[in-house]
Structure formats: structure tokens, C-alpha cells
Amino acid sequence: MAVVANAEQERFWNEVAGPVWVANEVELEDHTRPFGDAALRVADPLDGEAVLDVGCGCGSTTLALAHAVGGRGSVLGIDLSGPMLARAEQRASASAAGRTEFRRLDAQVADLGAAAFDLVFSRFGVMFFADPAAGFANLRRALRAQGRLVFCCWQGSSANPWMSLVNRAALQEFDLPVPPPEGPGPFALADAARTTALLQSAGFGTVEAHSDARQVHLGRGQSLEDWVHGRLLMGPARQPYLDAPPEHQREVLATIAGQLVGFLADPEDPEGGLMMDGAAWVVHARP
Ligand SMILES: C[S@@+](CC[C@H](N)C(=O)[O-])C[C@H]1O[C@@H](n2cnc3c(N)ncnc32)[C@H](O)[C@@H]1O
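In this text, all values refer to a predicted model and were calculated from it rather than measured experimentally. (Residues numbered from 1 in each chain as written. Predicted model: local features only at pLDDT ≥ 70, side-chain atom pairs only at ≥ 80, totals over all residues. Heavy atoms only, no water.)

## Regarding the nonpolar core
- Core analysis: the biggest nonpolar cluster contains 85 residues, and L139, L149 and L260 have the highest contact counts within it.
- With residues near it in sequence (within four places) discarded, L260 still touches L165, V166, L224, W227, V228, L274 and M276.
- Membership of the second largest hydrophobic core comes to six residues, among which are L85, A88, A92 and F102. (Core = buried A, V, L, I, M, F, W, Y, C linked by side-chain atoms within 4.5 Å. Buried < 20%, exposed > 50% of the residue type's maximum accessible area, 1.4 Å probe, protein only. Contact = heavy atoms within 4.5 Å.)

## Overview of the side chain of D212
- Within the secondary structure layout, D212 lies in strand β6 (residues 206-218).
- Overall, D212 belongs to the buried group, its relative accessible area being 11%.
- In this structure the side chain of D212 is engaged in a polar contact, spanning 3.0 Å, whose partner is the side chain of R214.
- With residues up to four places along the chain from it excluded, the contact list for D212 reads P34, F35, A38, Q155, G278, A279, A280 and V282. (Helix = DSSP H or I, 4+ residues; strand = E, 2+ residues; numbered from the N terminus. Polar contact = N/O pair within 3.5 Å; in protein donor to acceptor, adjacent residues only side chain to side chain.)

## Describing the site of the ligand
- Close contacts around the ligand come from 18 residues, with G55, D79, D106, A107 and R123 the closest.
- The contact in question runs from a nitrogen atom of the ligand to an N or O atom on the backbone of L80, over 3.4 Å.
- Between the ligand and R123, the relevant distance is 2.5 Å, taken from an oxygen atom to a side-chain nitrogen or oxygen of the residue.
- Each residue belonging to the shell around the ligand can be placed in one class, and the counts come to 10 nonpolar, five polar and three charged. (Near = heavy atom within 4 Å. Nonpolar A, V, L, I, M, F, W, Y, C, P; charged D, E, K, R; others polar.)

Below, the structure is given as C-alpha cells:
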């Protein structure tokens, strides 16, 4: 692949999270879609527009954008993850949506062309830059003067117990420190004032961040333990969890699942999934 500034993230999304994401696509799509749809409404892609989908993953938003811009428009999906892009290609070839193209690129440093896009969009794909100022400046260069950048990113851990509860419990189980929230990761852009300042320094004149808070439905059709297992495989305690003897793994799963019982969507049906609070920022920035 071309130049990469985020080698650690590249490894993570190719070897760790990407394959888990592809295997759990339906479940993950279930709870990210409502936030992405809110961002798509703000982005309001129009017939004939050229769109860049940053960190497009398995291509769900790329296809939605392609549908909106139609045959006269185009959508380029970029991502670090080979397995997720392969899935995106597969979905695009089976879809009747408009023109799509996928490339394996690091959005922070890739040459995306100057003023090439009317809309730069991302659903939870811009929180992983080692240098977010450089990443947003690179996206700004790719945007036309009248264009817009629209993305959703997670608010802080306390607004997202659906993610933080399992991660915190796992870190505690393995006696690990909590990673700093502003490093590359899901909570990197949780501070809207900092994100606004980053975007302004990257050349965006107008920046608005709207809160989108909702209940998220998780783990439908899975046992609590299976759902927790999937989360642990993508979380900060992945390695010690995988290295633990099977008996200890089972204990960890049972302990964390026990903490989630109060969130069951239907207490009569343990496979009916969890309903938990989640909150994202929908950010709209213009040059
Ligand atoms: C949380 S996933 C979201 C995927 C997809 N947008 C979705 O909503 O289903 C984050 C995605 O961003 C990608 N990503 C992370 N850092 C990136 C970078 N520097 N350049 C391009 N993609 C990146 C990851 O590979 C991953 O597919």
C-alpha cells in the first residue's frame, strides 16, 4: 500500500479489528447505522456530487452515498483495512448503487487530489489519526472551496457506557491502566471544543457539532457472553484476554456479562440483546 503514517492502526485494522468487524458486520451495523444516518442527513449528498468516504470499512455508507449521488456522481471509499475493503468491494459488486471505487490508503497522508470532492464524509473513521491536525488538513486539501466535511465520532466514555463498561471491566480484570482518551481510538474526538479547534487550524472556517444521543441495541441474537467475547477481541484488553487460560477467560466473560444483565432489552429473552446509552457528535465543517 501507499505511504502510511499510522502503522500501528494499520496493523490493528488489518490483523485485529478488521477480521472481527467483517465477522460481526450485521451486529456492528445495527448500532452504528442510526448515528451514520444522522450524519448522512446533515451531509445531504446531492445528485452528481463527488464524495470521499473516509475509513469506509465494509462500505455500508459508501453504498448509501453512491445511491444518493447517482450515476452522474461518484464515491471513493478509502480505508487502511484490507479485509474490510474486500468486504466493501464484494457488497458494491452486488449492489445497483452508483459509481464506487475503493482504495487502501491512509487518509492522514494519502494524496487525495486537490479540491477533488464536494463532500468528505466519515462514519466513525476519523478518530484514529496519530496526527489529527495533519489528517484534517489533508482532508481539507481534498475538498472543494464550496464543499463540506461531515462525520460522526463518539462522545466521551461516560456518554457511551455500551462501549466503556465492557472495556473498563476488562481492564480491571487484567489489572491494566485506562488508555489516554485523546490518543488514536474511539474517544479521540470526544471533546467537541478541541475537535473544533483542530478543524479550524486545518483550514475549516465554520464548524458545528451537534449531539446525537440515543439508546443503542446491541448483541441481538447472541448470548451475553458471546457478545462480550466479540467486544473483548476488539478492546484494549484483547491480548491478555487471549493469553489467559480458558477457565480464566470463561470467568471474565461471566463476570462482565453479569454486570450487563440490567441492560437486557427483554429480561425474559437473554438473546434479545442489550439496550444501552450511546452518544456521538455529528460534525459539519466548511472551508
Ligand atoms: C470504527 S471503523 C468504522 C468503519 C465504517 N466507517 C463503518 O461505520 O462501518 C473505523 C474505520 O476507519 C479505518 N481507519 C482508521 N484509520 C484510518 C486512516 N488513517 N485512514 C483510512 N482509514 C482509517 C479503519 O480501518 C476502520 O475501517
